[in-house]
Amino acid sequence: MEQNYNFTKIESKWQKYWEEKDLFKKTEDENKEKFYLLEMFPYPSGKLHMGHVRNYSIGDVVSRYLTMRGKNVLHPMGWDSFGLPAENAAIKNQTHPEVWTWANIAEMRQQLKTLGLSYDWDREVATAHPGYYKWMQWIFIQFYKKGLAYKKKKAVNWCPSCQTVLANEQVVEGCCERCGTAVGKKELEQWYLKITDYADRLLADLDTLEGWPNKVKLMQKNWIGKSIGGEVDFDIVGFDKKMTIFTTRPDTLYGVTYMVLAPEHPYVKELVAGTEYEAKVEEFLDKLQYLSDIDRTATTLEKEGLFIGRYAVNPVNGKEVPIYIANYVLMDYGTGAIMAVPAHDQRDFDFAVKYGLDIIPVVDTKDPEIDINNLKAAFVAEGTMINSGKFTGMNNKEAIEAIMDDLERQGIGKKAINFRLRDWLISRQRYWGTPIPMIYCEKCGWVPEKEENLPVLLPKDVEFTGKGESPLVTSKTFRQTVCPCCGGPAEREIDTMDTFLDSSWYFLRYTDARNTEEIWDKEKAKYWMPVDQYIGGVEHAILHLLYARFFNKFLYDLGWSPSPEPFTNLLTQGMVLKDGSKMSKSKGNVVSPEEIIKKYGADTARLFILFAAPPEKELEWSDAGVEGSYRFLNRVYRLIFDLTNTIQNAPDTWKVESADDKELNYVLNTTIKKVTEDMGNRFNFNTAISAIMVLVNEMYRYKGLEVQNAGLLKYAATCLVLLLAPFTPHICEEMWQHLGHEESIYLAQWPEVDEKATVKDEVEIVVQVNGKVKEKIMVANGLSKEDFQAAVLANDVVQTLLEGKNVIKMIPIPGKLFNIVVK
């Protein structure tokens, strides 16, 4: 150990040692308690950012700590490596996406190793590797066999620049989130997964996830959006088909004054064909081309509609009401048609006022501030039914059930459950993704590729122009094939899968990542699953986490996943900010991890990012904070180096002999206790590091004494290095070796707290007179109230304070303060 802290040399030395010893490789061990720790794997963009550093440092601290606690910790890493950026880079640089991707993976893998992260690299996966996407295709075929994968024609969000379908979440303010081009609509045959078949289970099982943040569970609950109500049929005048709506409020049926169809509803074109409204409807549809579904349902959107010249018949009172199409009604939600009750829904009220439609209240709340005969706004329908035929006078909550029962008896309605969640559109018109393993034959229709022929490989003979359809169309070898069923000529599907599929099961593949015969060994998955701790950004709260739960449940039903839920505990870490904003190139506030590591070392970068804020909170970058972390590590390094002569021949057994010994032993054990609690129970790394800093200060104080207990000091130094090791592994390995240990500190045991040492013999208490602090004195700890009072009153200082005073009342609080009320 050199006298000066040469982090470059130290970190390079120990990274090489860990790799040569294969120290982080893990296998199943039934004699050890397992712990599966996982951070969300990154997209290989080529450079780590500070968000990555924070995410992976959090995971690494937990992994190292639990390993030192004796657990068998699985801590893998991989790459979510399919996606549009690689394709865009291929167009820009005239190179193949895989060249860009594998080069980025190599660079980022080295960056992760430079941080000293304890990953089992033997389990590394990359979703763009044929050995991985073979099993992605296998899973898709299982979905298809179970009737959960299907193809249908639908109007989808279409980016004309990227030439691909976009999910609603990928459309931001009407534009493609990747390139900023205005998004339109396009009718395409698309593949879907029936996630809606799992909606009830996905919702119900949220209650089992006690280790998840409530905000994440609420976001998923709202996204699934379960509504209990009924479906009601409305006849359409002069049309032989019925208009079915879903409502959670059948008690308001008598207040319906108009109906609205989604403009894309298949009835619309039939209803206006050959009429004066046909051209107007086409014009209205054209206007909606550049509005995403999210924009159309936004509360800020101006509601626009068009009467289509047709009327529906209200089944409860026989009244004819006009049918409109409107921009705020979506084909994908419910039945694509709604009944409008302007008196009790503000959106319907605004629309009715705008287009001069009737407003009929059907519930009286008895609120004196609401004039139901002259409404200025919609009001909540809670109270007594009015204007509601035979149901008038009934409580509206009772009427909900009664009206629905009446409709069911007449055969014009039924109780129903509706979900906001829609089936998952997974087709993408891209090259760099998993090929959908389906084949179309004129004779047999759509059939899956034979499983023994997987993977269906991406062809290399493609052109990347950024124009037209998927680059797969340009391949001369890919599309034409033979039907797996009849052997006749057939064509492969040229769409690839949404990359969210690839990341929906990778955590299971890690349990047996090199298996080429089956997706994984079930016994290995049974040993490791579920993931005990999952760590990632809250931005993945809905899509990734919901899709992963869906995939896991499907694989659980097939017998491939051993647990119904994939992630027992979830930590969503906060963003790293600079100058109050998220780091971004456009704002010029990006801090490069590489530059920080080069200037201060990986241990300093890790320490700062773990010390600056609790993991779940946003972290404000501070150059001064980084400097402070670097100075602290130098201080610890010097302390261990300076103690060499004192402790090198010290005995391993020792006794607490002096008051200074007692104080050091107290600080040491309270630190062990504090760090253990913060690491194991709460992940409060910042307060754990603070406690270690207190210990370092105390050790410097003790080191400066004339008389020292070498055995105690040696033990304190040993514990200090152990406590710091999960946070700053390189410097701690160096100090551990300097203390005479041959084996890596990664394999060392975590220090145990001596509970007796955490209780002081004496405590400082505050003496107050009439509520004002007058003195601080030392008294014995652990006294009863009576003994505590006697000890305080016997103190010379207190006796002096009370001289000539008339004591009215004494308020003793043992171990804290003693208040005396005097005249």
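Right above here is the structure, for reference.
Undergrad: Hey, could you go over the overall build of the protein for me, with residue numbers and the actual values?
TA: Within the protein one finds 26 helices and 34 strands. Seen through its principal axes, the protein has C-alpha atoms that stretch 105 × 80 × 50 Å. Taken over 823 residues, the protein has a buried fraction of 53%. In the protein, the share of contacts with a sequence separation of at least 24, taken over all contacts with a separation of at least 6, comes to 72%. When the accessible area of the protein is evaluated, it comes to approximately 36800 Å², of which 49% is carbon and sulfur surface. Of the charged side chains in the protein, 99 are positive and 116 negative; the average position of the first set lies 1 Å away from that of the second.

Undergrad: Please provide a residue-by-residue account of the nonpolar core, values included.
TA: If you look at soluble globular proteins, the nonpolar side chains tend to sit buried side by side. One finds Leu193, Trp505, Phe507, Phe551 and Phe727 to be the most contacted residues of the largest nonpolar core, which totals 174 residues. The dominant element in this core, judged by the number of residues it contributes, is helix 22 (residues 685-703), at 11 residues. Ranked by size, the runner-up nonpolar core spans 40 residues in total, among them Val232, Tyr254, Leu261 and Leu306.

Undergrad: Break down the side chain of Ser388 for me, with residues and values.
TA: Here Ser388 lies in the loop between strand 17 (384-385) and helix 12 (396-410). Not counting the four nearest positions on each side in its chain, Ser388 is found in contact with Tyr254 and Val362.

Undergrad: Give a detailed account of the pattern of salt bridges, specifying residues and quantitative values.
TA: Under the definition given, this model contains 46 salt bridges. Of the charged contacts in the structure, one is a salt bridge between Arg409 and Asp406, with a shortest N-O distance of 3.4 Å. Highlighted residues: Arg409 and Asp406, both in helix 12, separated by 3 residues, approximately one helical turn. A single salt-bridge network, built from bridges that share partners, covers Asp205, Arg549, Lys553 and Glu565.

Undergrad: Talk me through the packing of helix 23 (residues 710-724) against helix 24 (residues 729-738); I want residue IDs and the actual numbers.
TA: At a minimum axis separation of 9 Å, helix 23 and helix 24 run at an interaxial angle of 155 degrees. As far as their axial angle goes, helix 24 and helix 23 are roughly antiparallel. For the crossing formed where helix 23 meets helix 24, the hand is left-handed. Residue-level inspection shows Thr718, Val721, Leu722 and Leu724 of helix 23 in contact with helix 24, the latter providing Cys732, Met735 and Trp736.

Undergrad: Break down the sheet that holds strand 5 (residues 149-159) for me, citing the residues and quoting the values.
TA: As summarised here, the arrangement of the 4 strands in space is 6-5-9-19, forming an open sheet in which the pairing is antiparallel. The open sheet has two edge strands, strand 6 (164-166) and strand 19 (424-425), and neither has a second partner. Bridge count for strand 5 against strand 6 is 3 bridges, and the pairing is antiparallel. Of the residues in strand 6, the one forming a bridge with Asn157 is Leu166.

Undergrad: Before we move on, could you go through the side chain of Arg606 and cite the residues and values that matter?
TA: As for its placement among the helices and strands, Arg606 is situated in helix 18 (residues 602-611). In this structure the side chain of Arg606 is engaged in a polar contact, spanning 3.1 Å, whose partner is the backbone oxygen of Leu115. Here Arg606 is in contact with Ser57, Asp60, Val61, Arg64, Leu115, Gly116, Leu117, Pro726, Phe727 and Pro729, once residues within four sequence places are set aside.

Cut-offs used in this document
Residues numbered from 1 in each chain as written. Predicted model: local features only at pLDDT ≥ 70, side-chain atom pairs only at ≥ 80, totals over all residues. Heavy atoms only, no water. Helix = DSSP H or I, 4+ residues; strand = E, 2+ residues; numbered from the N terminus. Buried < 20%, exposed > 50% of the residue type's maximum accessible area, 1.4 Å probe, protein only. Contact = heavy atoms within 4.5 Å. Areas by Shrake-Rupley, 256 points an atom, 1.4 Å probe, with all protein chains shown as cover. Lys, Arg positive; Asp, Glu negative; His and termini not counted. Charge placed at Lys NZ, Arg CZ, Asp CG, Glu CD. Core = buried A, V, L, I, M, F, W, Y, C linked by side-chain atoms within 4.5 Å. Salt bridge = Lys/Arg side-chain N within 4 Å of Asp/Glu carboxyl O. Axes fitted to C-alpha atoms, helices over the stretch in contact; angles between N-to-C directions. Parallel < 35°, antiparallel > 145°, perpendicular 65-115°, else oblique. Left-handed = near helix turned anticlockwise from the far one by under 90°. Pairing = 2+ DSSP bridges. Polar contact = N/O pair within 3.5 Å; in protein donor to acceptor, adjacent residues only side chain to side chain.

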